[in-house]
Amino acid sequence: MPTNLREALRGKLTEDELRELRAFDIIGDIAVVKLSKRLLPKKNIIGEALMEVHRNIRTVLNQTTPVLGEFRTRALEVIAGEARTETVHREGGCKFKVDLAKVYFSPRLGTERLRIARLITPGETVTNLFAGVGCYSIIIAHHSEATRVYSIDKNPDAFEYMVENIRINKVGDRVVPILGDSREVVERELFGKADRVLMPLPEFSHDFFDVAVRALKPSGGVIHFYDFGEEPDVFGPALEFAKSAALSMGFDVNLLHARKIRSYATRCYHVVLDLLISPGLKI
Ligand SMILES: C[S@@+](CC[C@H](N)C(=O)[O-])C[C@H]1O[C@@H](n2cnc3c(N)ncnc32)[C@H](O)[C@@H]1O
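Basis of the calculations
- Residues numbered from 1 in each chain as written.
- Predicted model: local features only at pLDDT ≥ 70, side-chain atom pairs only at ≥ 80, totals over all residues.
- Heavy atoms only, no water.
- Near = heavy atom within 4 Å.
- Polar contact = N/O pair within 3.5 Å; in protein donor to acceptor, adjacent residues only side chain to side chain.
- Areas by Shrake-Rupley, 256 points an atom, 1.4 Å probe, with all protein chains shown as cover.
- Nonpolar A, V, L, I, M, F, W, Y, C, P; charged D, E, K, R; others polar.
- Domains from an automatic or database assignment.
- Contact = heavy atoms within 4.5 Å.
- Buried area = accessible area lost by both parts, 1.4 Å probe.
- Phe/Tyr/Trp six-rings, centres within 6.5 Å; stacked < 30°, edge-to-face > 60°.
- Helix = DSSP H or I, 4+ residues; strand = E, 2+ residues; numbered from the N terminus.
- Pairing = 2+ DSSP bridges.
- Axes fitted to C-alpha atoms, helices over the stretch in contact; angles between N-to-C directions.

Enquirer: Talk me through the site of the ligand; I want residue IDs and the actual numbers.
Expert: Around the ligand sit 19 residues in total, of which Glu70, Arg113, Phe130, Asp153 and Ser182 are the nearest. Arg113 is positioned such that a nitrogen or oxygen atom in its side chain is 2.8 Å from an oxygen atom of the ligand. Between Asp153 and the ligand, the recorded distance is 2.7 Å, taken from a side-chain N or O atom to an oxygen atom. Relative to its free-state accessible area of 600 Å², the ligand is covered by the protein chains to the extent of 98%. The class makeup of the residues in the shell around the ligand is nine nonpolar, four polar and six charged.

Enquirer: Describe the domain arrangement of the chain, listing the residues and the values that go with them.
Expert: Looking at the assigned domains, one finds that the chain contains domain 1 (5-84) and domain 2 (105-279). Centre-to-centre separation of domain 1 and domain 2, based on C-alpha positions: 31 Å. Listed by partner, the interface residues are eleven residues for domain 1 and nine residues for domain 2. Buried surface at the junction of domain 1 and domain 2, summed over both partners, amounts to about 790 Å²; 56% is from carbon and sulfur atoms.

Enquirer: I'd love a proper account of the packing of aromatic side chains, names of residues and values included.
Expert: This structure, assessed with the given rule, holds six aromatic pairs. Plain terms: the ring middles of Phe130 and Phe208 are 5.3 Å apart, the flat faces sit at 85° to each other, and that makes the pair edge-to-face. Residue Phe130 is located in the loop between β7 (125-128) and α5 (135-143), and its partner Phe208 is located in the loop between β10 (196-199) and α8 (209-215); the two are separated by 78 residues in the primary sequence. Where Phe228 meets Tyr264, the ring centres are 5.2 Å apart and the plane angle is 70°; that geometry is what we call edge-to-face. Taken together, the residues span a long stretch of sequence, with Phe228 in strand β11 (residues 221-230) and Tyr264 in strand β12 (residues 251-265) at a distance of 36 residues.

Enquirer: Give a description of the sheet that holds strand β1 (residues 25-27) that names residues and reports values.
Expert: Read across the sheet, four strands follow the order β1-β2-β3-β4 without closing on themselves; strand pairing throughout is mixed. Strand pairing shows two members of the sheet lacking a second neighbour, β1 and β4 (76-81), which therefore form its edges. For this sheet, the mean inter-axis angle between neighbouring strands, taken without regard to orientation, is 30°. Where strand β2 (residues 30-33) and strand β3 (residues 59-63) come together, four bridges link them in parallel fashion. Across the sheet, the residue bridging to Val33 is Asn62, located in β3. With respect to the sheet, helix α3 (residues 43-53) is in contact with β2, β3 and β4, its orientation differing from that of β4 by roughly 60°.

Enquirer: Can you lay out the sheet that holds strand β9 (residues 175-179) for me, pointing to particular residues and giving the numbers?
Expert: Ordered by their spatial adjacency, seven strands build an open sheet running β9-β8-β7-β10-β11-β13-β12, and the pairing between neighbours is mixed. Strand pairing shows two members of the sheet lacking a second neighbour, β9 and β12, which therefore form its edges. Across the sheet, the mean angle from the axis of one strand to that of its neighbour is 20°, orientation sign disregarded. Sitting on the sheet, helix α6 (residues 156-168) touches β8 (148-153) and β9, and the angle it makes with β9 is about 160°.

Enquirer: So what's going on with the environment of Ile57? Residues and values would help.
Expert: Along the chain, the position of Ile57 falls in the loop between α3 and β3. Setting aside chain neighbours within four positions, we find Ile57 in contact with Ile26, Asp29, Ala31, Leu50 and Met51.

Enquirer: I'd love a proper account of the environment of Arg90, names of residues and values included.
Expert: If you trace the backbone, Arg90 turns up in strand β5 (residues 86-91). In this structure the C-alpha to C-alpha distance between Arg90 and Pro107, which are 17 residues apart in sequence, comes to 9.3 Å.

Enquirer: Please provide a residue-by-residue account of the environment of Ser205, values included.
Expert: Structurally, the position occupied by Ser205 is in the loop between β10 and α8. Sequence-wise, Ser205 and Ile152 are 53 residues apart; in three dimensions their C-alpha atoms are separated by 14 Å. Each residue touching Ser205, except ones within four places of it in the same chain, is listed here: Met199, Phe225, Tyr226 and Asp227. One polar contact links the side chain of Ser205 to the main-chain carbonyl oxygen of Pro202, over a distance of 3.4 Å.

Rendered as structure tokens:
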């Protein structure tokens, strides 16, 4: 029995082809690979080898486009196993039902989701501007004594799965799912309510920074600002942006913590800045 994918594919792929294999994700009982053009003629062989090595995998999907658009979804094709894209993923003591072809989901954010949940103090109100299928919000409710977690997403499919995941994880007393554009939702019903705001959408976080500030209580609070950063100054530009955007709204920013979440290219990172936002001194 082969113990890893390379071993399972030795003799079926050339040495050059083996070198092209990249890391893959396991989400519930589905594996997601991203095959280079060169490996496409061997996609079914690779899918079957993955299922041979990981006996709990029922489906192997190949991601055929990058994560795209406002809803951050990607095109997937089945290359081995059952023809489906829906699964249930377990993370941080919770279960998440997802359709990988219809919603965004990454198992690589598990550590970050738990980190945020552990920062929350009893009684907090949290607003999640980009909640997806509810992962951050539900993990927060499960691991903290937050009073309310307002959980917004614009993708109707993500919203449906979020509602289902709130039910499965029995956090409906505290997690409030809201379908809509977070800018409109905050203006309409969540203005000035939160102690803490999450912005887990680095592609658009600059465009929504003012929304996050407006979602906070007038006395201020914490914003988890997700962005991209490059060596040599990984956090500087994100912090400068946040400081100047907050200042233009009459708020001060203090950096509580900054961390690299993952690297997406050489010396380029997906980052998060935990920012304490407080009303500026009036002169
Ligand atoms: C990168 S995903 C994050 C999902 C989730 N936080 C997670 O960890 O799985 C970003 C989400 O933001 C949603 N989104 C994009 N623009 C939005 C907007 N203007 N208002 C509300 N949700 C939006 C997308 O539909 C997507 O589900």
